[in-house]
Amino acid sequence: MEDHPKINFGKTGVLLINLGTPESTSWFDIRRYLKEFLSDRRVIEVNPILWKFILNVFILTFRPSKTAKAYKEIWMEKENMSPLRYYTKLQAEKIDKLIENKNVIIDYAMRYGNPSIKSKINKLHEAGCEHLLIIPLYPQYAAATTATVCDEVYRSLMKMRWQPSLKIVPHYESEELYIDALVNSLNKKIKSHITNLNIKAKKPNDKIKQNPEANPSTPSNQFIAFTTPTIHKIVMR
């Protein structure tokens, strides 16, 4: 059996899934993203034949230019990605460091655009994940958000012979850990503003430089404060 290929197994994959983002601010990438997003029946619940005509004839002809202009205003040139993708990636990396478990792999995906849910599920499978924990990054449940994530996860698994054990977090807006994370975040933000006001009062002509990465109230840090113990709780059952 020495020639048998090595098989990875015994791991748990945790996939954080956010809404989506175009690959770039180009007209074609924006159009591709909008088409995938606006073709989702969970998002647009109207007559599909009528909507297909409206989408392809009007929206995908004129809307990409306006959307591209808006994305260019917020696009992170150095990282060459949108803020949504950047901070989702950062969340996954920070949580992975906090979990510190070689048998738990933290990754992220986008419902629309890249990295796709299908590609990341395949990647987790190749890494030996026999268990999947899906965490849609929406506190409240809605068909156009959480449900469409579930749809895509199921579609991806339907095309695979390998089937993991699967858990999907449906919503968590009422979870005590999540509420505590929001309260702590707001308290720190208020305290930070009070400190900045005091500094400005002493030095009214000086500009205060802040590092957004060090801000404890960013959405990334709020979510991490809730997610890390939640993953521990679910995975270690």
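For the structure itself, look to the data block above.
Residues numbered from 1 in each chain as written. Predicted model: local features only at pLDDT ≥ 70, side-chain atom pairs only at ≥ 80, totals over all residues. Heavy atoms only, no water.

Caption draft 1: Structural view of the sheet that holds strand β1 (residues 11–21). Across the sheet, which stays open at both edges, the four strands sit in the order β2-β1-β3-β4 with parallel pairing between neighbours. With partners counted over all chains shown, the strands left at the sheet margins are β2 (104–113) and β4 (165–168), one partner each. Across this sheet, the average inter-strand angle for adjacent strands is 25°, counted without regard to direction. The strands that helix α4 (residues 117–126) touches are β1, β2 and β3 (129–136); relative to β2, the one it contacts most, it runs at about 160°. Against the sheet, helix α5 (residues 143–158) engages β1, β2, β3 and β4, with an angle of about 110° to β2. (Pairing = 2+ DSSP bridges. Helix = DSSP H or I, 4+ residues; strand = E, 2+ residues; numbered from the N terminus. Axes fitted to C-alpha atoms, helices over the stretch in contact; angles between N-to-C directions. Contact = heavy atoms within 4.5 Å.)

Caption draft 2: Up close: helix α3 (residues 83–99). Look at α3: 24 Å from first C-alpha to last across 17 residues, which is about the 24 Å you get at 1.5 Å a residue. The complete set of buried residues in α3 reads Y86, T88, L90, Q91, A92, I95 and I99. Two residues or fewer past α3, E100 is found with a positive phi of approximately 50°. (Expected span 1.5 Å × (residues − 1). Buried < 20%, exposed > 50% of the residue type's maximum accessible area, 1.4 Å probe, protein only.)

Caption draft 3: Examining the pattern of salt bridges more closely. Counted under the stated rule, the structure contains nine salt bridges. Ionic pairing is found between E93 and K89, a salt bridge with its closest N-O pair at 2.7 Å. Residue E93 and its partner K89 are both found in helix α3; the two are separated by four residues, about one turn of the helix. Across the pair D107 and K120 runs a salt bridge whose closest N-O atoms are separated by 2.8 Å. Note that D107 is positioned in strand β2 and K120 in helix α4, a separation of 13 residues in sequence. With respect to burial, D107 and K120 carry one shared label: buried. (Salt bridge = Lys/Arg side-chain N within 4 Å of Asp/Glu carboxyl O.)

Caption draft 4: Spatial organisation of the packing of helix α1 (residues 27–38) against helix α2 (residues 48–74). Close contact between α1 and α2 brings their axes to 8 Å; oriented N to C, the two are set at 130°. Viewed along their axes, α1 and α2 adopt a mutual orientation that is oblique. The interaxial crossing formed by α1 with α2 has right-handed handedness. Taking contact as the criterion, the partners of W27, I30, R31, Y33, L34, K35 and L38 in α1 are, on α2, W51, L55, N56, I59, L60, T61, R63, P64, S65, T67, A68 and Y71. (Parallel < 35°, antiparallel > 145°, perpendicular 65-115°, else oblique. Left-handed = near helix turned anticlockwise from the far one by under 90°.)

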